[in-house]
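Chain and residue survey
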Amino acid sequence: MDAMQKAIEQMRLWNGPAGRAWVETQDILDEMFKQFERPLCEAVPAGSNRRVLDVGCGTGGLTVAVARKLGQGGRVVGIDISAPMIGAALARAEREGTSASFICADAQHHKFGPASFDTIISRLGVMFFEDFVAAFANLRRAAAQGAGLAVVAWRGAAENPFMTAAERAAAPLLPNMPARPSGGPGQFAFADKDRVRTILLESGWTEIDIRPVDIPCRFPASELARYVGWLGPVGTILQDADRGLRERVVDAVRPAFAPYVEADAIRFTAACWMIQARASTDAAGEVSNG
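Criteria and thresholds
- Residues numbered from 1 in each chain as written.
- Predicted model: local features only at pLDDT ≥ 70, side-chain atom pairs only at ≥ 80, totals over all residues.
- Heavy atoms only, no water.
- Helix = DSSP H or I, 4+ residues; strand = E, 2+ residues; numbered from the N terminus.
- Rg over C-alpha atoms; globule rule 2.2 N^0.38 Å.
- Buried < 20%, exposed > 50% of the residue type's maximum accessible area, 1.4 Å probe, protein only.
- Contact = heavy atoms within 4.5 Å.
- Areas by Shrake-Rupley, 256 points an atom, 1.4 Å probe, with all protein chains shown as cover.
- Lys, Arg positive; Asp, Glu negative; His and termini not counted.
- Charge placed at Lys NZ, Arg CZ, Asp CG, Glu CD.
- Salt bridge = Lys/Arg side-chain N within 4 Å of Asp/Glu carboxyl O.
- Axes fitted to C-alpha atoms, helices over the stretch in contact; angles between N-to-C directions.
- Parallel < 35°, antiparallel > 145°, perpendicular 65-115°, else oblique.
- Left-handed = near helix turned anticlockwise from the far one by under 90°.
- Nonpolar A, V, L, I, M, F, W, Y, C, P; charged D, E, K, R; others polar.
- 1 Å grid on protein atoms, 1.4 Å probe; cavity = no way out; pocket = protein on both sides within 12 Å on 5 of 7 lines; lining within 4 Å.
- Points joined across faces, edges and corners; volume = space filled by probe spheres on them.
- Polar contact = N/O pair within 3.5 Å; in protein donor to acceptor, adjacent residues only side chain to side chain.

1. Structural notes on the overall build of the protein chain
- Each helix and strand in the protein chain was counted, giving 12 helices and 8 strands.
- Radius of gyration (C-alpha) of the protein chain: 19 Å, near the 19 Å computed for a compact globule of 290 residues.
- For the protein chain, buried positions account for 51% of its 290 residues.
- If you take every contact in the protein chain between residues at least 6 apart in sequence, the share linking residues at least 24 apart comes to 81%.
- Element-wise, carbon and sulfur atoms account for 52% of the exposed surface of the protein chain, whose accessible area totals about 12,900 Å².
- If you average the places of the 31 positive and of the 33 negative side-chain charges in the protein chain, the two averages end up 2 Å apart.

Following this line, the structure appears as structure tokens:
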């Protein structure tokens, strides 16, 4: 699949089944990924007039959290390719009375104003570009000199068995379920730490620090059927499946989640990278390759 086909596929996915799924399960995902907010909010220095970009902002949970931290003096912008999710993010910002704003666009290609952000953050939102170096170079151009980059991305599938439990258990009932893409774009595209470092170096970022972080996640056990029925490769198929197939698949995968059930909650650990870097320019103001 060439770069153009990858871009088109991502546009269709996030404006179709994946975008619908994240909107429909916004409450589950908000609770599940709540603990991701702290390290990313901490990466944003407090103070007035900070300009922050949230890449792959989804339904805006992190964007709004940062807007609350900065208050009226700061400027926080979320960008996402998914129109359904941006719609939900705008509604969230209005509902919570924050000044966060949102752009529906592909952050790889969007023409940001040069040097228009002091900090760029992302929670699980940067693994879906069709050209990672081009995407991070575009973000580098949007970053002011010395601006910080702070990203949380998944490590490998082997370290995140919870995230693949449904598809492994459902495979006999869904023989046409597509395999996850190798190398990206996709959830585990940043599994290789050395590859991530190379991407950042080639796109003009310096002072790169990539550390493993294990983040506790939870959501109500009563929401397991909705989680399985909407999210991931299994949820993508089940969105358009008849009721009988949905019920058979959900019943088949429940035992796979038994190790994660504690009382009335589903609990698991997200094995991720905390990726930090800094923007630097040479004397001529061109992007430096570090």
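Okay, back to it.
2. Let's talk about unusual backbone geometry
- A positive phi angle, near 50 degrees, is found at Glu207, a position not held by glycine.
- Inspection of the secondary structure puts Glu207 in strand S6 (residues 205–220).
- Of note, the phi angle at Ala263 is positive, near 60 degrees, even though the residue is not glycine.
- Note on placement: Ala263 falls in the loop between strand S7 (261–262) and strand S8 (265–279).
- Residue classification places Ala263 among the exposed residues on the basis of a relative accessible area of 77%.

3. Focus on the pattern of salt bridges
- For the structure shown, the criterion picks out 15 salt bridges.
- In this structure, the salt-bridge partner of Glu247 is Arg243, at a minimum N-O distance of 2.9 Å. Residue Glu247 and its partner Arg243 are both found in helix H12 (residues 243–253); the two are separated by 4 residues, about one turn of the helix.
- Relative accessible area serves as the criterion here: at 66%, Arg243 is assigned to the exposed category.

4. A closer look at the packing of helix H7 (residues 132–142) against helix H9 (residues 193–202)
- Taken N-terminus to C-terminus, the directions of H7 and H9 make an angle of 50 degrees; their axes are 8 Å apart at the nearest point. Relative to H9, H7 is oriented oblique. Helix-helix and strand crossings are classified by hand; for H7 and H9 the assignment is right-handed. Taking contact as the criterion, the partners of Phe132, Val133 and Phe136 in H7 are, on H9, Arg195, Ile199, Leu200 and Glu202.
- Among the residues making up the contact of H7 with H9, the classes are represented as 5 nonpolar, no polar and 2 charged.

5. Section: empty space enclosed by the protein
- With the rule as written, the count across this model stands at 1 cavity of 30 Å³ or more.
- Estimates place the volume of the largest cavity at around 40 Å³.
- It is helix H3 (residues 26–32) that provides the largest number of residues to the lining of the largest cavity, a total of 3 residues.
- Of the residues that constitute the lining of the largest cavity, the class distribution is 3 nonpolar, 3 polar and 2 charged.

6. Points about the side chain of Asn138
- One can find Asn138 in helix H7.
- Here the side chain of Asn138 touches His110 through a polar contact of 2.9 Å, landing on its backbone oxygen.
- In this structure Asn138 touches Ala107, Gln108, His109, His110 and Phe112, once residues within four positions along its chain are discounted.

Remember that the coordinates give geometry; whether it matters functionally is a separate question.
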